[in-house]
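The chain contents come next:
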Amino acid sequence: VQLQAFGGGLVQAGDSLRLSCAASGSTFSSYTMGWFRQAPGKERELVAAISWSGGSTYYVKSVKGRFTISRDNAKKTVYLQMNSLKPDDTAVYYCAAHRTPDRFTATSADFGSWGQGTQVTVSS
């Protein structure tokens, strides 16, 4: 699976952004997908994940209630709707596919097939 994330930008605190991640390959619908972010000087963290069917989701505590992950398997795209953005959300955001088909876990090490990131900058 090859992935390309886009939709980042410079916004003010409280604004919203929607990130998209387009995938190539015929097996997209079999894989859990995740959104990660990495801020300067910090480790990459898993922000949200969604199972292959969309029936299960995971959010890191800091974004619960503000971010929503979704997917459209027909379009081979996964989305991250980000509302009420904060300066602490500033990071490069990446999408990634789980290493194992038909498996849902929210452990960073279980993800591979990284795409190019998109920068999100939130000003105060």
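All of these numbers come straight from a predicted model, not from anything done at the bench. (Residues numbered from 1 in each chain as written. Predicted model: local features only at pLDDT ≥ 70, side-chain atom pairs only at ≥ 80, totals over all residues. Heavy atoms only, no water.)

What to know about the overall build of the chain
Turning to step 1, where the next piece is worked out: Each helix and strand in the chain was counted, giving zero helices and 11 strands.
Turning to step 2, where the next piece is worked out: The C-alpha radius of gyration computed for the chain amounts to 13 Å, which stays within 12% of the reference 14 Å derived for 124 residues, consistent with globular compactness.
Turning to step 3, where the next piece is worked out: Dimensions of the chain, computed from C-alpha atoms along their principal axes, come out at roughly 40 × 25 × 25 Å.
Turning to step 4, where the next piece is worked out: Among the 124 residues that make up the chain, the fraction classed as buried is 41%. (Helix = DSSP H or I, 4+ residues; strand = E, 2+ residues; numbered from the N terminus. Rg over C-alpha atoms; globule rule 2.2 N^0.38 Å. Buried < 20%, exposed > 50% of the residue type's maximum accessible area, 1.4 Å probe, protein only.)

Details of the pairing of strand β4 (residues 33-38)
Turning to step 1, where the next piece is worked out: Taken across its six residues, β4 has five buried, putting it largely inside the fold.
Turning to step 2, where the next piece is worked out: In terms of strand pairing, β4 meets strand β5 (residues 45-50) through five bridges, oriented antiparallel. The partner of glycine 34 across the bridge, within β5, is alanine 49.
Turning to step 3, where the next piece is worked out: Here β4 hands over to β5 after six residues, with glycine 41 in that stretch at a positive phi of 80°.
Turning to step 4, where the next piece is worked out: Bridging between β4 and strand β9 (residues 91-98) involves six bridges; their strand directions are antiparallel. Its bridge partner lying in β9, phenylalanine 36 is registered against tyrosine 94. (Pairing = 2+ DSSP bridges.)

Examining the side chain of histidine 98
Turning to step 1, where the next piece is worked out: Turning to its location among the elements, histidine 98 is positioned in strand β9.
Turning to step 2, where the next piece is worked out: Polar contacts involving the side chain of histidine 98 include one to the side chain of threonine 105, which spans 2.6 Å.
Turning to step 3, where the next piece is worked out: Sequence-distant contacts of histidine 98, defined by excluding residues within four places in its chain, comprise Tyr31, Thr32, Arg103, Thr105, Asp110 and Phe111. (Polar contact = N/O pair within 3.5 Å; in protein donor to acceptor, adjacent residues only side chain to side chain. Contact = heavy atoms within 4.5 Å.)

Here's the deal with the side chain of threonine 118
Turning to step 1, where the next piece is worked out: Mapped onto the elements of the fold, threonine 118 is located in strand β11 (residues 118-123).
Turning to step 2, where the next piece is worked out: At 3.0 Å, the side chain of threonine 118 and the backbone nitrogen of glycine 8 are in polar contact.
Turning to step 3, where the next piece is worked out: Excluding its chain neighbours within four sequence positions, the residues that come into contact with threonine 118 are Ala5, Phe6, Gly7, Gly8, Leu19, Ala91, Val92 and Tyr93.

Notes on the state of the cysteines
Turning to step 1, where the next piece is worked out: Applying the stated criterion across every chain yields a total of one disulfide.
Turning to step 2, where the next piece is worked out: Between the sulfur atoms of cysteine 21 and its disulfide partner cysteine 95 the distance amounts to 2.0 Å. Its S-S torsion of about 60° marks the bond between cysteine 21 and cysteine 95 as right-handed, since a negative value means left-handed. With a gap of 74 residues between them, cysteine 21 in strand β3 (residues 17-24) and cysteine 95 in strand β9 connect regions that are remote in the sequence.
Turning to step 3, where the next piece is worked out: A relative accessible area of 0% means that cysteine 21 is categorised as buried. (Disulfide = S-S within 2.5 Å.)

A word on the pattern of salt bridges
Turning to step 1, where the next piece is worked out: In this structure the tally under the stated criterion is three salt bridges.
Turning to step 2, where the next piece is worked out: The residue aspartate 89 makes a salt bridge to arginine 66 at a minimum N-O spacing of 2.8 Å. Taken together, the residues span a long stretch of sequence, with aspartate 89 in the loop between β8 (77-82) and β9 and arginine 66 in the loop between β6 (57-59) and β7 (67-72) at a distance of 23 residues.
Turning to step 3, where the next piece is worked out: Residues participating in the shared-partner salt-bridge network are Arg37, Glu45, Arg66 and Asp89. (Salt bridge = Lys/Arg side-chain N within 4 Å of Asp/Glu carboxyl O.)

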